[in-house]
Amino acid sequence: MTETIIHMEDVHKYFGRVHALRGISLDVQVGEVVVILGPSGSGKSTLLRCINHLEVYNSGKIMVDGILLKSAQNINAVRQEVGMVFQSFNLFSHLTAIENLTLAQRTVRKRERQEAEEIALKLLAKVGITDKADCYPSQLSGGQQQRVAIARALAMNPKIMLFDEPTSALDPEMIKEVLDVMLALAKEGMTMLVVSHEMGFARAAASRCIFMDEGQIIEQGTPDKLFSSPSQERTRVFLSKVLQL
Amino acid sequence: MALGGRFRNLGRALSRRPTGTEEPVPSQEELNRVPGAELSSRLDPWWWLVAAVAILIVLLLIFKSDPYWRILLFVRDGLAITVLLTVVSFVFIIILGLVGGLGRIAKNPVIHLVATLYVEIVRGVPLLVQLIWWYFAAPVVIQSLGQALHISALANYRANAILLAIVGLVVCYGAYMAEICRAGIQSIHKGQMEASRSLGMTYLQSMRYIILPQALRVVLPPVGNEFIMLLKDTSLVSVVAVADLTRRGREFMAAHFNPIEVWTLIALVYLIMTLFSARLISWLEKRRSY
């Protein structure tokens, strides 16, 4: 019944002499929502960025949806199936919200303009910003920009969504509107990997939490188990710092 | 449903956030307002300077038609050459600059080396010396090559002053334009490239649809600057047998010896062209604000 969609095996990654990932092995099943926690510099973002090859891993093996991440052709095939949401939104600033959603649909998915726009409007409605379809990113608030960025990734019909600290650059009152969209996605059964320190989101949506430190997975489990009775000292120390906030 | 329970937890977790202290939401009209856009709807006041210089020229031509009108009639073919040199060179400068700029940021070490050598060498030699080299030295080089390789078309090469002037201007200005293009591309946040690549777009698609359109806005002021400098620097070709505006002015002065009128009018003609170009560039910049 469960089907593995991401398979990582002993993945190592170096930035020059810095050993950023030290033997990551991880399997993610279809429909799982995995929240990755860990201190700054622990390799969480690097792990995420290796999955769609924004970072090239040095050794080991990563398979996404049965495709081995290796040659350039595979990489574009994988990237079409993997949506990514960035901490700094990275909306295309010279395009309106709706154009942000249609560009890749037309150039990569080769959809006609009308079809692409219909899909875009549907997704903008889903993230609750239909009325801003013709606004440029500079005219949107951070929360609105991030919701457009999520819609942009969804427009490619990805099988997996990666979220790299999606709420870290947001003002507190805007975090909820972005998390609500993510929760709705999780509820629909989207496979999600989320690097985030939003404990509320982890508790509500995560099927599994992973704690990373110094490029390794220290421990993992359901959010309840990880938060209430961590087995590792490092996890306990980290959580005590994060949870008391 | 089990999931429902989890969501209730989240609701509680989130309700602790200070949602009640929200700033008043700006109206759609306010959000749509782009800073500086108010100016572009009105006429740019600097157009008045263009108009003033134009009026001054017209007044001189009407009320002092001797010698001003005679000078203008004499130099008009030179004016056409100046405009032709500027426009044709600029088109090729843009192309060469774009290629050079992409070469300067290329990961391939050979391409990078060639582009960097080109920029460094060309930037280091005065434009006047380059123009003289192309006109006096290059034809001899071509002829010698033709003789050595027994290619009669090259061996019998006759210098075409205008063509060699354009080559000289393009090669020189292309190097500066390459640096402008490189800086423009590098000024775009790397997240833009990451976002487009993560959507499955190729490097070239990302460049074409994402990076270059944004870089264009950044480079428009320096590119406009280059255009105005080029327009003025075409006057240097007058030393290599091209009958441009400056050279025709010198010819008129040699025949009639009235330096004040000739060089005042020539200066005003250059000035009206550069002022007009500057306004066009400024209009383009405002049109591209987002």
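Before any of the text, the structure's been laid out above.
Everything quoted here is computed from the prediction, not taken from an experiment. (Residues numbered from 1 in each chain as written. Chains lettered and ligands numbered in written order. Predicted model: local features only at pLDDT ≥ 70, side-chain atom pairs only at ≥ 80, totals over all residues. Heavy atoms only, no water.)

Draft legend 1. Representation of the nonpolar core in the model. Residue and element names in this part refer to chain A. Among the nonpolar cores identified, the biggest contains 53 residues, and Leu 37, Ile 150, Met 161, Phe 163, Met 182, Met 192 and Phe 201 are the most heavily contacted of them. Looking at this core, the element that brings in the most residues is helix 6 (residues 172-187), giving 9 residues. What Met 192 contacts, discounting residues up to four positions off in sequence, is Glu 32, Val 33, Val 34, Met 161, Phe 163, Met 182, Leu 185, Ala 186 and Phe 201. (Core = buried A, V, L, I, M, F, W, Y, C linked by side-chain atoms within 4.5 Å. Buried < 20%, exposed > 50% of the residue type's maximum accessible area, 1.4 Å probe, protein only. Helix = DSSP H or I, 4+ residues; strand = E, 2+ residues; numbered from the N terminus. Contact = heavy atoms within 4.5 Å.)

Draft legend 2. Geometry of the packing of helix 3 (residues 97-107) of chain A against helix 5 (residues 142-154) of chain A. Residue and element names in this part refer to chain A. The interhelical angle for the contact between helix 3 and helix 5, taken along N-to-C directions, is 20°, at an axis separation of 8 Å. Relative to helix 5, the element helix 3 lies roughly parallel. Like other packed secondary-structure pairs, helix 3 and helix 5 cross with a definite hand, here right-handed. Facing Ala 97, Asn 100 and Leu 101 of helix 3, the residues of helix 5 in contact are Val 148, Ala 151 and Arg 152. Across the contact of helix 3 with helix 5, the residue classes break down as 4 nonpolar, 1 polar and 1 charged. (Axes fitted to C-alpha atoms, helices over the stretch in contact; angles between N-to-C directions. Parallel < 35°, antiparallel > 145°, perpendicular 65-115°, else oblique. Left-handed = near helix turned anticlockwise from the far one by under 90°. Nonpolar A, V, L, I, M, F, W, Y, C, P; charged D, E, K, R; others polar.)

Draft legend 3. Quick look at a nonpolar patch on the surface. On the surface, Val 83, Val 87, Val 91, Phe 92, Ile 94, Ile 95 and Val 99 of chain B cluster together to form a nonpolar patch covering roughly 590 Å² of accessible area. By the element assignment, Val 87 of chain B lies in helix 5 (residues 65-104). (Patch = residues over 30% accessible without salt bridge, like charges linked within 9 Å, V, L, I, M, F, W, Y side chains within 5 Å. Areas by Shrake-Rupley, 256 points an atom, 1.4 Å probe, with all protein chains shown as cover. Salt bridge = Lys/Arg side-chain N within 4 Å of Asp/Glu carboxyl O.)

Draft legend 4. The side chain of Asn 100 of chain A, seen in detail. Residue and element names in this part refer to chain A. By secondary structure assignment, the location of Asn 100 is in helix 3. Taking the relative accessible area as the measure of exposure, Asn 100 reaches 0% and is therefore buried. Setting aside residues up to four positions removed in sequence, Asn 100 forms contacts with Leu 91, Phe 92, Leu 95, Pro 137 and Arg 152.

Draft legend 5. Broad picture of the environment of Pro 259 of chain B. All names here are of chain B. Its location among the elements puts Pro 259 in helix 13 (residues 259-287). When its relative accessible area of 31% is taken as the criterion, Pro 259 is described as partly exposed. Separated by 31 residues in sequence, Pro 259 and Tyr 290 have C-alpha atoms that sit 49 Å apart. Beyond its immediate stretch of four places on either side in the chain, Pro 259 contacts Met 253 and Thr 264.

Draft legend 6. Quick peek at the sheet that holds strand 9 (residues 208-213) of chain A. All names here are of chain A. Read from one edge of the open sheet, 6 strands run 6-7-8-3-9-10, paired in mixed fashion. Strands at the two margins of the open sheet, each flanked by one partner only, are strand 6 (82-85) and strand 10 (216-221). Taken over all neighbouring pairs, the strand axes of this sheet differ in orientation by 20° on average, direction set aside. As paired strands, strand 9 and strand 10 are joined by 5 bridges and run antiparallel to one another. (Pairing = 2+ DSSP bridges.)

Draft legend 7. Region of interest: the pairing of strand 7 (residues 160-164) of chain A. All names here are of chain A. Within strand 7, 5 of the 5 residues are buried, leaving the element largely enclosed by the surrounding structure. Side chains of strand 7 alternate between two faces, with Ile 160, Leu 162 and Asp 164 and Met 161 and Phe 163 buried alike. As judged from the 4 bridges shared by strand 6 and strand 7, these two strands associate in the parallel manner. Looking at the pairing, Val 85 lines up with Phe 163 of strand 7. In the sheet, strand 7 pairs with strand 8 (residues 191-195) via 5 bridges, with the strands oriented parallel. Directly across from Phe 163, in strand 8, lies its bridge partner Val 194. Taking the sense of rotation as the criterion, the β-α-β connection linking strand 7, helix 6 and strand 8 turns out right-handed. (Right-handed = clockwise from strand over helix to strand, strands pointing away.)

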